[in-house]
Amino acid sequence: MPLMAQRPCIRCILPALILWAAAQVLLGGDAVLREEGVHRDVITLKVFSLALPTPGSTMTSHLATQEIIRRFEALHPHIRLTTSEGLRIEGKGDEITPLMQIAADISPDVIYVNFKNADSYTQQGFLYPLDRFVERLPKEELESRVPAPAWQVIRRPGRDGVVHTWALPYNTYVVAMVYRRDVFRAAGLSIDRGPRDWKELEDICRKIRDAQPDKYGMGFDRSSDESWHFMSFLWSAGGEAMAEVSPNQWRAVFDSPQAVEAFAFYHKLVRSDLAYRGADIGTLWKRGRIAMSFTYLNDVQLAGVDPVQYGIAPVPLGPTGIRGNEVNCAMMGIFAGVKDRRKREAAWEFIRFYDSPEARAIRTRIFVENGLASQINPRFLRASGYEEYLQDVPREWTEAFEEAMSTGKPEPFGKNSNLIYKEMSSPMDQMFYDNRMEQCWKAGDDKGLKQRVQEIFSEAVKRTNERIIGYVPPETQRFRRQVAAGVAAAVVAAFFFLFRYIWRVFTPVTLNAQSAGWGFRRHWFAYFILLPALATILIWQYIPLGRGSVMAFQDYMIMGESRWVGLDNFALLLFDPTFWNALWVTLQFTFWSLSLGFFAPVLLAILLQEVPHGKILYRTVFFLPSIVSGLIVIFLWRSFYAPDGLFNQALGWVGIQSHLNWLTDPRFALVACILPGIWAGAGPGCLIYLAALKSIPDDLYEASDLDGATFFQKIRHVIFPGLKPLLIINFVGAFAGAFHSSANILVMTGGGPYTPYGATEVTSLLIYYNAFLYLRFGFATAMAWTLGAMLVGFTVIQLKRLSRMEFKTVEEGK
């Protein structure tokens, strides 16, 4: 054969090269791995951050994860692991972060799933079915990895009604009671076991308080997740938080007689001063002032505490002999947005290996090598050949874990059940401030107290079924739709007249017919150079606003087809007491922000102008807080508000002893959220007013001196009239900013405390929660539109005033 015939034709190769290059672009630019003559595409796999090792960490659990990841990468060199970060909020990271990532289209390929968000993720279409992957697992490995209570969570009908397996556990947790042996010993109690039932729990708490008045028997965290501590009492009394009344139809049911009995006991422990309830529970636990608390045990690492100092016991039996504790799993799922078949295979390989027998052996080895064999489940010590360490594991730890696995119940896993703790914590917090309950407690009226608990829980269940489950009785819904239609008609009519009025206000005043109207022909060049700015506003403001507004009339889904619901979102909004409470809180927040914060920079500027010496020093000192990061300012003030913070210390200096947590007290929480912003913003604001004060002619000051005006008369008759235009402009911005402000509140209180509604939950924060916690994007959009409609009247008044203003230079004014 001629040599030329053996050479590939360039016209034949070129199409193949183009197709190969296009494939690389479509596959995200993955590199090509050449190993032993085999060409394999390198797949970049994004994994949620908690599954990857923390850089630089020396914690044993993190070291074990690092070793597992190294082994996985050695076995799968064609898979490159990365992570995808997102917004994190203290106490809500595993709820907010994945949803924000999905909404921003930066979701990991392997996403974190737990019991309380599993059903919501499934119904929203976030998860890819794992059936064909799970079928590959050996039966023994599948049984050891998936505890029996988990199957009802991970294998459920999807949106189409077809049953699939949606996630795979990699860690199993159970709730048990941890107690401090040293506190038990000092109270003359056995250090080898915890309380068997509620009666013995109360007796032990009382003995601890009697023997050591500075210590408490138990501790409960007062937060939006306080009801997590209550769940074990609820289950042990025979009650439930949520129930599935029909396939994929859930109802909140924590208003049962069993729930009332459980809370009555919970309330008794706190009000009898046997248990501590506060936001600083973690600090007191570390200081040894709390004897018992609920904790998680892990199926591999039983507990991350010293067995010499701490004991582990099952959750105490309830009054009917029932023991109820939580069983939960940290799980992994494949994001449904992953369309590349090879990437889905890579995601499954990671999920399978992460808790495989080999990975468990690595984890066990790392713990043993670091001297922590006493914390490892004996089952895994045996499987890895470390029988000599079995005697180091406390027997009561193993027995507590096995007992919890046999009596445990899965964490609530229905629709939006990731919010059930928040919804239950709200009425619980309310009951500790309720006047009727306080009277019943002081009078020893147990029957009246339980009746009031029943009333509050019943109202909370009704709210919960509407807010997170979306259940409204049909006859109630019909009435609400009629009201919503009437209100919508009135709003449309009001908007028509308002916009007509605005058009007339801003139409140029003309002196003759030739210059009538807007003068497009005469001033065409001016309008032409405005076009880029108008186009930018149109593209980035009004078009997204219009498209987003459609969501207000839908049951909007991030993934999949959204359903039209008409005015239902507005109908629900008009009768939602949470919204009206948030609006009232917003008005209070706006009032205090403007009262305390708007005039502070003005007064500060006047004082800095009048000070005779050290003007540069004072201006620098007052400006310094503004250069500190806003997040640092918030956390700094959070430490001031703590029970042992600066505020309480200052009260102690003047003889007032206080251990108040200012952010958890509904009387002070809102103002406490406002002060950091005023402190940080007064300096930059005063510089603007200092510059404006320079524009006031000296002649006016001299004339006022000749007339014998006092300092305050000068402020009233000279300074304020001179600053009037600037004050009006800034007031419009300050009012709108205060009405939409939520950043400080989000970090400092998260909207709480709840009594029963959020004492600091402003409308913008409520909109955010409804969108990214409740996944009610349509309802959140309807709320935003309603809030905007309420501000239109104020905006029109301010625009009218601004349209009549004239701005002149100092020279022109002279």
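Description of the structure in this document.

Reading the values: the criteria
Residue positions are given per chain, counting from 1 as you read along its sequence in written order. Where local features are concerned, this predicted model is filtered to residues with pLDDT of at least 70; where side-chain atom pairs are given and counted, the filter is 80 or more; whole-chain, interface and lining totals use all residues. Where side-chain values are given, they derive from all heavy atoms of the structure, hydrogens and water being excluded. Per the convention used, a helix needs a DSSP run of H or I reaching at least four residues, while a strand needs a run of E reaching at least two, with both numbered from the N terminus. Residue burial is assigned from relative accessible area. The probe radius is 1.4 Å, only protein chains are included, and a residue is buried under 20% of its type maximum, exposed over 50%, and partly exposed in between. The criterion used for residue contact is that any of the two residues' heavy atoms lie within 4.5 Å. Reported accessibility uses the Shrake-Rupley method at a 1.4 Å probe radius. Residues are deemed covered only where the shown protein chains occlude them. For two strands to be treated as a pair, DSSP must find no fewer than two bridges joining them. Handedness of a crossover is defined as follows: orient the strands so they point away from the viewer, and if the path from the first strand over the helix to the second runs clockwise, the crossover is right-handed. Orientation is described by lines fitted to C-alpha atoms, with helices fitted over the stretch in contact, and by angles between N-to-C directions that extend from 0 to 180 degrees. Angles below 35 degrees are treated as roughly parallel, those above 145 as roughly antiparallel, those between 65 and 115 as roughly perpendicular, and all remaining angles as oblique. Amino acids outside the nonpolar list (Ala, Val, Leu, Ile, Met, Phe, Trp, Tyr, Cys, Pro) and the charged list (Asp, Glu, Lys, Arg) are all regarded as polar, and Gly is one of them. The criterion for an aromatic pair is that two Phe, Tyr or Trp rings (for Trp, the six-membered ring) have centres within 6.5 Å, with stacked assigned to planes under 30 degrees apart, edge-to-face to planes over 60 apart and tilted to the rest. Here, a charge over a ring means that NZ of Lys or CZ of Arg falls within 6 Å of the ring centre while also lying within 35 degrees of the ring normal. The set of buried Ala, Val, Leu, Ile, Met, Phe, Trp, Tyr and Cys residues whose side-chain atoms join them within 4.5 Å is what this entry labels a nonpolar core.

## As for the overall build of the protein chain
Along the protein chain, the regular secondary structure elements total 35 helices and 19 strands. Burial statistics for the protein chain: of 814 residues in total, 48% are counted as buried. Contacts spanning at least 24 positions in sequence make up 73% of the contacts within the protein chain whose residues lie at least 6 apart. Accessible area of the protein chain: about 40500 Å², with a carbon and sulfur share of 60%.

## Structural notes on the pairing of strand E3 (residues 43-47)
Each regular strand shows side chains that alternate between the opposite faces of the sheet. For E3, the tally of buried residues reaches 4 of 5 residues, placing the bulk of the element in the interior. Note that E3 and strand E4 (residues 79-83) share 5 bridges and pair parallel. Counterpart to Thr 44 in the pairing with E4 is Arg 80. With helix H3 (residues 60-75) bridging E3 and its parallel neighbour E4, the resulting β-α-β unit is right-handed.

## Observations regarding the packing of helix H24 (residues 577-598) against helix H25 (residues 600-610)
Axis separation between H24 and H25 bottoms out at 5 Å; the angle between their running directions is 5°. Between H24 and H25, the crossing angle belongs to the class labelled roughly parallel. Taking contact as the criterion, the partners of Leu 596, Gly 597 and Phe 598 in H24 are, on H25, Ala 600, Pro 601 and Val 602. Taken together, the residues that form the contact of H24 with H25 break down as 5 nonpolar, 1 polar and no charged.

## Re the packing of aromatic side chains
Geometry of an aromatic ring pair is reported as the spacing of the ring centres plus the angle between the planes. For the structure on display, the rule yields 51 aromatic pairs. In this structure an aromatic cluster arises from ring pairing among Trp 198, Phe 220, Phe 230, Phe 233, Phe 254, Phe 263, Phe 265, Tyr 266, Phe 294, Phe 432 and Phe 457. Positioned over the ring face of Tyr 216 is Arg 209, at 4.2 Å from the centre of the ring. Taking NZ or CZ as reference, Arg 776 lies 4.2 Å from the ring centre of Phe 779, over its face.

## A few points about H25
Among the residues of H25, Pro 601, Val 602, Leu 604, Ala 605, Ile 606, Leu 608 and Gln 609 are the ones counted as buried. In this structure, the buried side of H25 is in contact with H24, helix H26 (615-623), helix H29 (669-693), helix H30 (698-706) and helix H31 (711-740).

## Description of the nonpolar core
In a soluble, globular protein the nonpolar side chains are often hidden away together inside. Counting residues in hydrophobic clusters, the biggest one holds 209 residues, and the most contacted among them are Met 218, Phe 230, Phe 233, Phe 263, Met 292 and Phe 350. Broken down by element, the residue count for this core peaks at 12 residues, all from H29. Excluding residues that lie within four positions of it along the chain, Met 218 makes contacts with Met 177, Leu 201, Cys 205, Phe 233, Leu 274, Ala 275, Tyr 276, Ile 290, Met 292, Ser 293 and Phe 294.

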